[in-house]
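Single-letter residue listing:
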Amino acid sequence: MATKIYMDNAATTPVRDEVFNAVLPYFKEFYGNASSVYSIAKESKKAMEKARGQVAKGIGAKPEEIYFTAGGSESDNMALRSIAESLGKKGKHIITTKIEHHAILHTCEYLEKHGYEVTYLPVDEFGKIKLEELEKSIRPDTILISIMFANNEIGTIQPIAEIGKLAHEKGILFHTDAVQAVGHVPIDVTEMNIDMLSMSGHKLGAPKGIGAIYIRKGVPIQPLIHGGAQEKRKRAGTENIPGIVGLGLAVELAVSEMEVETKRLVHLRDKLIHGILETVPFSRLNGHPTERLPGNCNISFTYIEGESLLLLLDAVGVAASSGSACTSGSLDPSHVLMAIGLPHEIAHGSLRLTLDRNNTEEEVQFILDKLPGIVQRLRDMSPLYEEIANKKA
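Residues numbered from 1 in each chain as written. Predicted model: local features only at pLDDT ≥ 70, side-chain atom pairs only at ≥ 80, totals over all residues. Heavy atoms only, no water.

Engineer: Talk me through the sheet that holds strand β12 (residues 350-354); I want residue IDs and the actual numbers.
Structural biologist: The strand order β9-β10-β12 describes an open sheet built from three strands, whose pairing is antiparallel. Looking at which strands have only one partner, the edges of the open sheet turn out to be β9 (283-285) and β12. The mean angle between the axes of side-by-side strands here comes to 25°, regardless of whether they run parallel or antiparallel. Pairing analysis gives five bridges linking strand β10 (residues 296-301) to β12, with the strands arranged antiparallel. (Pairing = 2+ DSSP bridges. Helix = DSSP H or I, 4+ residues; strand = E, 2+ residues; numbered from the N terminus. Axes fitted to C-alpha atoms, helices over the stretch in contact; angles between N-to-C directions.)

Engineer: Now, about the nonpolar core: what can you tell me, with residues and values included?
Structural biologist: Taken as a class, soluble globular proteins show a tendency for nonpolar side chains to be buried jointly. Of all hydrophobic cores here, the largest spans 64 residues; its most connected members are Ile59, Ile145, Phe149, Ile187 and Leu197. For this core, the leading source of residues is helix α9 (residues 241-279), giving nine residues. Among the nonpolar cores identified, the runner-up in size contains 30 residues, and Leu272, Ile276, Leu310 and Val375 belong to it. (Core = buried A, V, L, I, M, F, W, Y, C linked by side-chain atoms within 4.5 Å. Buried < 20%, exposed > 50% of the residue type's maximum accessible area, 1.4 Å probe, protein only.)

Engineer: Would you mind going over the side chain of lysine 128 in detail, with residue names and values included?
Structural biologist: Along the chain, the position of lysine 128 falls in the loop between β4 (117-121) and α6 (131-137). Within the structure, the side chain of lysine 128 is placed 2.4 Å from the side chain of glutamate 291, a separation counted as a polar contact. When near neighbours in sequence (up to four residues on either side) are disregarded, lysine 128 contacts Val123, Thr156, Ile157, Gln158, Pro159, His288 and Glu291. (Polar contact = N/O pair within 3.5 Å; in protein donor to acceptor, adjacent residues only side chain to side chain. Contact = heavy atoms within 4.5 Å.)

Engineer: Please provide a residue-by-residue account of the pattern of salt bridges, values included.
Structural biologist: Across all of its chains, the model carries 16 salt bridges by this definition. Of the charged contacts in the structure, one is a salt bridge between arginine 352 and aspartate 8, with a shortest N-O distance of 3.1 Å. Note that arginine 352 is positioned in strand β12 and aspartate 8 in the loop between β1 (5-6) and α1 (17-23), a separation of 344 residues in sequence. Side by side, arginine 352 and aspartate 8 carry an identical accessibility label, which is buried. Here aspartate 270 and arginine 269 are joined by a salt bridge, their closest N and O atoms 3.0 Å apart. Of the residues examined, aspartate 270 reaches a relative accessible area of 23% and is grouped as partly exposed. (Salt bridge = Lys/Arg side-chain N within 4 Å of Asp/Glu carboxyl O.)

Engineer: Please provide a residue-by-residue account of the sheet that holds β4, values included.
Structural biologist: In spatial order, the strands read β2-β8-β7-β6-β5-β3-β4; together these seven strands make up an open sheet with mixed pairing. Each edge of the sheet is formed by a strand with only one pairing partner; in this case those strands are β2 (66-69) and β4. Averaged over all adjacent pairs, the angle separating strand axes in this sheet is 20°, with direction ignored. Where strand β5 (residues 142-146) and strand β6 (residues 173-177) come together, three bridges link them in parallel fashion. For serine 146, the partnering residue across the bridge sits in β6 and is histidine 175. Lying on the sheet, helix α7 (residues 160-169) is in contact with β5 and β6; it crosses β6 at an angle near 155°.

Honestly, it's all geometry; don't read function into it.
Now the structure itself:
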């Protein structure tokens, strides 16, 4: 059956109609290279700077503090590797968490191979760090704290403003991977004491292959990609004007709609969460019950495999996931679910349903009608569940 209900918006979102229509002219009509001087190129340059302003306004930054990249992974790499290079003589200690996206974790592993030390903070059962543990981990040679705004798997939102305040009190730079948060929760980089912030367009209705990094004025930054003089010599490469135009408009639209859309999504999310927990025995919510992204629902089911669950949901037309799309080919259980204390057998039975602006109440109800039977079908094939059922009988 073809997909009729898409609930994997944390992996990617469809391009919004408004965004699609806005970017089309920059493929065929205004195709000039923004670094050139003739009139057709000036149109590209003008569109790029408009988008830079739209992105900056969406997070409370200045336009000159926004640098366009190819996506969140590049932005994360740029933040960590360039600060390590810039401040390596001052210190070689970085603090992050155990539940970061692999763009952060694997970059940290790379830096560890080059003489840096990384502290990976634990999280509680809801996926939140403890500020006192963060403070205890700070050393005289700590140069950067990088903690994600909201987790891509379980949706938990971190106390970003408090983390930034602590970092600044200690004279340490603070970066946050806000790929899942931009356009979905309010962000003000000044009020939240953020020095660098990563974002990605395809998480909020813009095309894939476009992202940005906010770098507060005065933060020492080195280019990750060398070449031309684009992006004030901080990110070489001919600018992706259609993508940039799409990102700018997508951020503007998402921020303008956020208040109304958040209320709608929280209602749908909570209906989904409570409906599943009430109708499916041996199920548990992963992540914080309230301090989570508006559209995130992550549930673990004992005595089943998440992969089988996804296949049966797909058979009835529902697209979902068991965790990060970036690790979908891995047989290992989610590092996020392991970090919040779930044993392997429960972590393997997780389901992530992530809603966005296109999802409806009818779709939520459809899943609530179908999911209990699908889970029971899988459990009926489980010797472990059969043993439990017989004991209850």
